Amino acid sequence: METAPIVVDGVMFVTTSYNHVYAINAVTGEQYWHYKHKIGPVSTYCCGPNNKGVAVSEGKLFMGTLDAKLVSLDAKTGKLLWETEIADPELGYSETMAPSVANGKVLIGTNGGEYGVRGFVKAYDANSGKLAWTFHTIPEKGHEGVWAENDATGRNMKRNIAAEKAALAKGGGDFYKTLGGDVWMTPAVDVKTNTVFFVVGNPSPDLYGAERPGDNLYTDSIVAVDLNTGNYKWHYQYVAHDVWDLDAVSPPILVDVKDKNGKMIPGVIHGGKTGHIYVHDRSNGNLIRFSEPMVSQEGLWTLPTKEGARMSLGANGGVEWSPMAVNPGLRLAYAVNLEQPMTYHVEAAAYPGGKLWLGGAFKNSVGEEQFGNVTAVNIDTGKVVWKARTDQPMIGGALSTAGNLVFAGEGNGWFKAYDAKTGKVLWQYQCGAGVNAPATSYTVNGKQYIAVAAGGNTQLDFKRGNSVFVFAL
């Protein structure tokens, strides 16, 4: 379970694997209704049959499904209102993300970066389910980019630019149709400027870069588009021509930040698999700063080999898909990270037609310790303020409250509350299964509650479960 419970007027909506939705009393746990999506004969997914939650707007719920559909339900009864196909699951498309809703539009991306899809974000009319617009994360022309030699932090990525240019001139750029660029996680929306912000995943195939010369825009990027039309506004690419699966996954957060002159401006931040938090000017995407590394980066940008080449930064990150949290008063962002060294193996692989397409493999480095951390970063300076080590790699997300608490769960079942200023563990509870989902906070009749799902994780093989725990503050 990777769901984030959402509460509206005292009713909690929770999703589980295989696209079940439950409506329950947020105080007592009494079930009101249950909906089960009838999954079609084909569903393709790389990392477990998960679902990260629903969006809610004007009495309707919206959920993406494993067979690449978008469904709308009546929030009071669970009755299906409409259903539409987003993409063809036989080509590797699927949905596990929670959509977002703004100005009558339901926004949703797609999985499939490991299957050779052409990624997108789509907007649907919330009342009818009709498609309003599509933004392709892989442009038909120009995906070769600027032939960047360095990553967003200025470090050389050891590309053979001359060989890539020769390959593009010889073979052409028609591979845009299978170049990947999935959008795993929920877009953020600035309704004042009618702007949608999202991050884009890895190119396909993951490791075999010879198949796809160029920067592979807009993979491994943060992108801004117009809410009404889907028209491009700006992008910023973190890793060009990625051959390590170190894509941009953790959802962007809108927060005011200090620019380089110390002036407070609207910003957007992203926690990368690279182990950095990136701070951008929301109006134009300019990178204001990046944080100190939150994880080891030994051997960074070591190129994959047939035999296998080691990097301390594993393919899961850094920050994986886990949502970050922000305490605006303390000027801190909180991220959960993995320390998971891997060896990267590459092999030639042609497009297999909607099947798994890695172009090699990434494997845990034998005999090396794996662990994780919860890290606090000052978004105005980029400095790491505190770091709390965990026994296992962290995946699931963080929650920050106005009472200066930070909540995060672990694969061993522990759900912990940290002091937001110091990182000291103040409280913990054993949930009996991996707590690998982001906690949420809500109030009913003036009382504050914290809810979190404990269902384990397929990616890291943490103990499975099927429960939602609710705590009162």
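Predicted, not measured: the structure shown is a model, and the values here were computed from it.

A. Quick peek at the layout of surface pockets. Its volume calculated, the largest pocket comes out at about 850 Å³. Forming the boundary of the largest pocket are 35 residues, of which Ala4, Thr186, Pro187, Pro251 and Pro323 lie nearest the centre. For the lining of the largest pocket, the secondary-structure elements that each account for two or more residues are strand E5 (55-57), strand E9 (100-102), strand E13 (188-190), strand E17 (253-258), strand E22 (325-327), strand E28 (398-400) and strand E32 (440-444). In terms of residue count, E28 provides more of the lining of the largest pocket than any other element does, 3 residues in total. Its residues placed into classes, the lining of the largest pocket shows 27 nonpolar, 6 polar and 2 charged. Considered as a void within the structure, the second largest pocket measures approximately 520 Å³ in volume. In terms of lining, the second largest pocket is formed by 31 residues, of which the most central are Cys47, Asn316, Glu320, Phe362 and Gln459.

B. Main features of the environment of Phe198. With respect to the secondary-structure elements, Phe198 resides in strand E14 (residues 195-199). Residue Phe198 is classed as buried on the basis of its relative accessible area, which comes to 0%. The spacing of Phe198 and Trp33 is 165 residues in sequence and 32 Å in space, taken between C-alpha atoms. Setting aside chain neighbours within four positions, we find Phe198 in contact with Val121, Phe135, Thr137, Val183, Pro187, Ser221, Ile222, Val223, Val225 and Pro252.

C. Molecular detail of the sheet that holds strand E16 (residues 232-237). Here 4 strands make up an open sheet; going across it, the order is E13-E14-E15-E16 and the pairing antiparallel. Looking along the sheet, the strands with just one partner apiece sit at the ends: E13 and E16. Strand-to-strand twist of the sheet, defined as the mean angle between neighbouring strand axes without regard to direction, takes the value 15 degrees. Sheet topology note: the E13/E14 ladder contains 3 bridges and is antiparallel. Among the inter-strand pairings, Ala188 is bridged to a residue of E14, identified as Phe197.

D. Structural view of the packing of aromatic side chains. What the rule picks out here adds up to 23 aromatic pairs. Consider the rings of Phe197 and Trp234, whose centres lie 5.9 Å apart with planes at 50 degrees: the pair is tilted. One end of the pair, Phe197, is in strand E14; the other, Trp234, is in strand E16, with 37 residues separating them in the sequence. Ring centres 5.1 Å apart and planes at 80 degrees place the aromatic pair Trp427 and Phe471 in the edge-to-face group.

Calculation notes
Residues numbered from 1 in each chain as written. Predicted model: local features only at pLDDT ≥ 70, side-chain atom pairs only at ≥ 80, totals over all residues. Heavy atoms only, no water. 1 Å grid on protein atoms, 1.4 Å probe; cavity = no way out; pocket = protein on both sides within 12 Å on 5 of 7 lines; lining within 4 Å. Points joined across faces, edges and corners; volume = space filled by probe spheres on them. Helix = DSSP H or I, 4+ residues; strand = E, 2+ residues; numbered from the N terminus. Nonpolar A, V, L, I, M, F, W, Y, C, P; charged D, E, K, R; others polar. Buried < 20%, exposed > 50% of the residue type's maximum accessible area, 1.4 Å probe, protein only. Contact = heavy atoms within 4.5 Å. Pairing = 2+ DSSP bridges. Axes fitted to C-alpha atoms, helices over the stretch in contact; angles between N-to-C directions. Phe/Tyr/Trp six-rings, centres within 6.5 Å; stacked < 30°, edge-to-face > 60°.

Shape is all these values report; function is a separate question.
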